[in-house]
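# A structural walkthrough
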Amino acid sequence: MSPGRVPCPLCGGPVHPIAGRCRHCRGDLTRVARPSMTPASSTSRRGRAALIAMALLLAAAALAAPILAA
Ligand SMILES: [Zn+2]
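Keep in mind the model is a prediction, meaning the values are calculated, not measured. (Residues numbered from 1 in each chain as written. Predicted model: local features only at pLDDT ≥ 70, side-chain atom pairs only at ≥ 80, totals over all residues.)

### Brief notes about the overall build of the chain
Tallying secondary structure elements over the chain gives 1 helix and 2 strands in all. In sequence order, the chain lays out its α and β elements as β-β-α. Here the chain holds 70 residues, and the buried ones make up 4% of them. Contacts in the chain between residues at least 24 apart in sequence constitute 3% of all its contacts with a sequence separation of at least 6. (Helix = DSSP H or I, 4+ residues; strand = E, 2+ residues; numbered from the N terminus. Buried ≥ 20, exposed ≤ 12 C-beta atoms within 10 Å, placed from the backbone. Contact = placed C-beta atoms within 7 Å.)

Encoded structure:
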């Protein structure tokens with residue numbers, strides 16, 4: 001395999017890691033899970049957004065609980 005290329009998960013042909021479409025089988029690589037190629041920044045950004053959403057939900061629940069209990 002050429003350096004800088006990764007095997008296509010669909011056909012196994014060497015494709016560029018950031019290619020959105022396989023040049024060999026024309027497969028849509030953006031729809032295929034690529035654990036080794038997922039940028040850590042986007043993952044942590046998504047995780048932080050989920051944490052913020054969770055914190056907002058918890059805050060809302062904490063604010064609403066006394067009102068609901070009364
Ligand atoms: Zn392919």
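### A word on the environment of Thr 30
Within the fold, Thr 30 resides in the loop between strand S2 (14-15) and helix H1 (40-69). Remark: the alpha-carbon pair of Thr 30 and Ile 18, spanning 12 residues in sequence, is separated by 9.0 Å.

### So, the confidence of the model for the chain
Averaged over the chain, the pLDDT score is 82; the fraction of residues at 70 or greater is 80%. Considering each helix and strand of the chain separately, the mean pLDDT is smallest for H1, with a value of 82, and largest for S2, with 94. (pLDDT = per-residue confidence, 0-100.)

### Remarks on unusual backbone geometry
We note that Arg 26 has phi near 65 degrees; this positive angle belongs to a residue other than glycine. Relative to the helices and strands, Arg 26 is located in the loop between S2 and H1. Arg 26 sits in the exposed class, given 9 other C-beta atoms within 10 Å.

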